[in-house]
Protein chains: 2
Amino acid sequence: MKVRVFVSLKNGVLDPQGRAIHHAIEGLGFSGVSDVRAGRMFELEVDDSVTDAMIDEMAQKLLANMVIENYRFERVA
Amino acid sequence: MKVRVFVSLKNGVLDPQGRAIHHAIEGLGFSGVSDVRAGRMFELEVDDSVTDAMIDEMAQKLLANMVIENYRFERVA
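Note that the structure is predicted; figures quoted are calculated from it, not measured.

Considerations on the overall build of chain A
In step 1: A tally of regular secondary structure across chain A gives two helices and three strands.
In step 2: Helices and strands appear in chain A in the N-to-C order β-α-β-α-β.
In step 3: Its C-alpha atoms give chain A a radius of gyration of 16 Å, more than 25% over the compact-globule value 11 Å for 77 residues.
In step 4: Considering only contacts in chain A between residues 6 or more positions apart, those separated by 24 or more positions represent 70%.
In step 5: If you sum the accessible surface of chain A, you get close to 4200 Å²; carbon and sulfur atoms cover 51% of it.
In step 6: Each charge class in chain A was averaged separately, 9 positive and 12 negative side chains, and the resulting centres sit 4 Å apart.

Thoughts on the pattern of salt bridges
In step 1: Summed over the entire model, instances satisfying the criterion amount to 10 salt bridges over all chains.
In step 2: Residues Glu69(A) and Arg40(A) are paired through a salt bridge, measuring 2.5 Å at the closest nitrogen-oxygen approach. With Glu69(A) in strand β3 (residues 69-76) and Arg40(A) in strand β2 (residues 33-46), this residue pair connects regions lying 29 residues apart in the sequence.
In step 3: When its relative accessible area of 26% is taken as the criterion, Arg40(A) is described as partly exposed.
In step 4: The shortest N-O distance in the salt bridge between Arg4(B) and Glu74(B) comes to 3.4 Å. Of the two residues, Arg4(B) is situated in strand β1 (residues 2-9) and Glu74(B) in strand β3 (residues 69-76); the sequence distance between them amounts to 70 residues.

With respect to helix α2 (residues 52-63) of chain B
In step 1: Of all the residues in α2(B), the buried ones are Met54(B), Ile55(B), Met58(B), Ala59(B) and Leu63(B). End-on, the buried residues of α2(B) take up no more than an arc of 135°, which puts them together on one face. Away from its buried face by more than 90 degrees, α2(B) exposes Ala53(B) and Lys61(B).
In step 2: Contacts from the buried residues of α2(B) go to α1 (16-27) and β2 of chain A together with β1, β2 (33-46) and β3 of chain B.

Definitions and limits used
- Positions within a chain are numbered from 1, following the residues in the order the chain's sequence is written.
- Following the order in which they are written, the chains are lettered starting with A and the ligands numbered starting with 1.
- Residues qualify for local features only when their pLDDT is at least 70, as the model is predicted, and side-chain atom pairs are given and counted only at 80 or more; totals for whole chains, interfaces and linings, by contrast, use all residues.
- With hydrogens and water excluded, all non-hydrogen atoms of the structure serve as input to the side-chain values.
- Only DSSP runs of H or I covering at least 4 residues are called helices, and only runs of E covering at least 2 are called strands; the numbering of each starts at the N terminus.
- Just to be clear, the radius of gyration here is over C-alpha atoms, and the globule rule we use is 2.2 Å times residues to the power 0.38.
- A contact between two residues is defined here by any heavy atoms of the two lying within 4.5 Å.
- For the accessible areas, the method is Shrake-Rupley and the probe is 1.4 Å, while residue cover comes only from the protein chains on display.
- Only four residue types enter the tally: Lys and Arg on the positive side, Asp and Glu on the negative side, with His and both chain ends excluded.
- Charged side chains are reduced to one point each, which is NZ for Lys, CZ for Arg, CG for Asp and CD for Glu.
- We count a salt bridge whenever a side-chain nitrogen from Lys or Arg sits within 4 Å of a carboxyl oxygen from Asp or Glu.
- Burial classes follow relative accessibility: with a 1.4 Å probe on protein chains only, a residue under 20% of its type's maximum area counts as buried, one over 50% as exposed, and anything between as partly exposed.
- An arc is given here, and it is the one of the directions from the helix axis to the C-beta atoms.

Below you can see the structure in the form of structure tokens.
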């Protein structure tokens, strides 16, 4: 079974990478994009013994910096 | 409207970041995780004039390295 963990910056945390990408999108001539936020994604291949609580613990200890980031995860068949 | 773009390494491309995370997960004592792949996520705030074709172009020119990465995107209400 596959688990996808999405990590994104909390609201209010400055995102220089997102700003740079936004700037580059405008530089390429695209209009209509008002904001860009950059985040990370992790795909874990897990067996059935891995519980949601374990995934929470992995995310909080290892994948996300809980001071400035939020995470969510989804299980994929 | 929000668009999420997910960028991940193509199959067969070595992923040292994912390997390091996998190693760290095992080091923390978790079992049942057989593989970890690291990727990136971008959240774009766009207006209705931004078409799927434009998002494809942004992803291919700017967000993903098409030599080693794939991307997909979804629109969120």
